[in-house]
Structures are given as structure tokens and as C-alpha cells.
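This is what each chain is made of:
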Amino acid sequence: MAEAYCGTWRLTNSVNFDSYMKAIGISFAVRKIGNMTKPIQEIISDGENVTIKNMSSFKNTEVVCKLGEEFKEMTADGREVQSVISMQGDKLVQVQKWDNKESILTRELKDGKLILTCRIGDVECVRTYEK
């Protein structure tokens, strides 16, 4: 099912990203850079393994994992987190945990667009990507 997400996606819209970054503990200076970038997200899957590449003028990151298995991830903002990516119905859900915090990144497809909802506590950000 993760194969449906495969492709190269470009950010076209972002709502409440600064509040989300602030809630996860990102400094003002890094938030300013983060708000200016228009990342490209490439998703690759072979059915069991998923690769998610995030490329921007700020920093490039890549995670390779087996669906449902926990792994260490170094985020673009420098946090080391424990992550799990799994399919939940038709959604690709990533849970990141660090320092007694938890963020949930939910990817879903709507009208040919990739909708990424980032949530920590009651703070939510929605980022829209198009092929």
C-alpha cells in the first residue's frame, strides 16, 4: 500500500508550520529558515521497506526503514528521535519520540496531492505536496 505514495512531491502549501516547529522545540533562527524552504519529498517503497528523502536548500535528510519497525532518525533540525513508520489503513503514519515528547506525521493522498499533517499535543500543521 505504501507504493501509492511513491514519487517526487513538491511543497505547494503550508499552514501553521511555524507553530509546529516552535512546539517541538526549534529555535527562532532555524524556524525562520524552515519557513522559507520549499522542500521536495521523494518516497520509494519495495513493499516492505520505505525510503523517504527530504531535499531542500537548508538540509537534505533520508530515512530507510522497514514498515512497523522502530529506527533512529536524525531530523533536519538536529533532533535524534526514535521513529516508526507504518501503514494505518490507507495512511502512512510516522511516530517520532524524543525527550518524553511525541510527534505524529500522517501522510495521506487526497485529490492527487500528498497531505502531510504534523501534530504534537494540540498543535497541528498541514503541508500539501504535489507531483
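This is a predicted model, so every value here is computed, not measured.

Novice: Can you help me understand the sheet that holds strand 8 (residues 101-110) in this one?
Specialist: By way of backbone hydrogen bonds, the strands of a sheet pair with one another, either parallel or antiparallel. On the basis of which strands lie adjacent, the open sheet formed by 10 strands has the order 4-3-2-1-10-9-8-7-6-5 and antiparallel pairing. Single-partner strands in this sheet number two, and they are strand 4 (61-66) and strand 5 (71-74). Between one strand axis and the next, the sheet turns by 25° as a mean value, whatever way the strands run. For strand 1 (residues 7-15) and strand 2 (residues 40-45), the ladder comprises 4 bridges, and the chain directions are antiparallel.

Novice: I tried to follow unusual backbone geometry on my own but got confused; where do I start?
Specialist: Here Asn-16, not a glycine, exhibits a phi torsion of approximately 70°, which is positive. For Asn-16, a relative accessible area of 35% corresponds to the partly exposed category. Its identity as a non-glycine residue notwithstanding, Asp-111 has a phi of 50°, on the positive side. Residue Asp-111 is classed as exposed on the basis of its relative accessible area of 80%.

Novice: What is the right way to read the UniProt feature "domain: Cytosolic fatty-acid binding proteins" (unreviewed entry) in the chain from this model?
Specialist: As recorded in UniProt, the feature "domain: Cytosolic fatty-acid binding proteins" (unreviewed entry) lies at residues 7-24. Helix makes up 39% of residues 7-24 and strand 50%. Its end C-alpha atoms lie 28 Å apart.

Novice: What's the story with the nonpolar core in this structure? I'm lost.
Specialist: Most often, soluble globular proteins keep nonpolar side chains buried together rather than apart. Residues Tyr-20, Ile-43 and Ile-85 are the most contacted members of the largest nonpolar core, which totals 27 residues. If you list the elements that add at least two residues to this core, you get strand 1, helix 1 (17-23), strand 3 (49-55), strand 4, strand 6 (80-88), strand 7 (91-98), strand 9 (113-120) and strand 10 (123-130). A per-element tally of this core places strand 9 first, with 4 residues. Discounting chain neighbours no more than four positions away, the residues touching Ile-85 are Ile-52, Val-63, Cys-65, Lys-66, Leu-67, Gly-68, Phe-71, Leu-92, Val-93 and Gln-94.

Conventions and cut-offs
- Position numbers for residues count from 1 along each chain, tracking the sequence in the order it is written.
- pLDDT decides what is reported in this predicted model: residues at 70 or higher carry local features, side-chain atom pairs at 80 or more are listed and counted, and totals for whole chains, interfaces and linings draw on all residues regardless.
- Side-chain calculation: all heavy atoms of the structure are included, whereas hydrogens and water are not.
- Note: two strands are recorded as paired if DSSP finds a minimum of 2 bridges between them.
- Secondary structure elements are taken from DSSP: a helix is a run of H or I of four residues or more, a strand is a run of E of two residues or more, and numbering for both begins at the N terminus.
- Only C-alpha atoms enter the line fits that serve as axes; for helices the fit covers just the stretch in contact. Angles between N-to-C directions range over 0 to 180 degrees.
- Burial classification: accessible surface area is computed with a 1.4 Å probe over protein chains only, and a residue below 20% of its type maximum counts as buried, one above 50% as exposed, and the rest as partly exposed.
- UniProt positions are given in the numbering used here, feature names are shortened, and annotations may be inferred rather than shown by experiment.
- Buried Ala, Val, Leu, Ile, Met, Phe, Trp, Tyr and Cys residues that are joined via side-chain atoms within 4.5 Å together make up what is termed a nonpolar core.
- Only heavy atoms matter for contacts: two residues are in contact if any of them lie within 4.5 Å across the pair.

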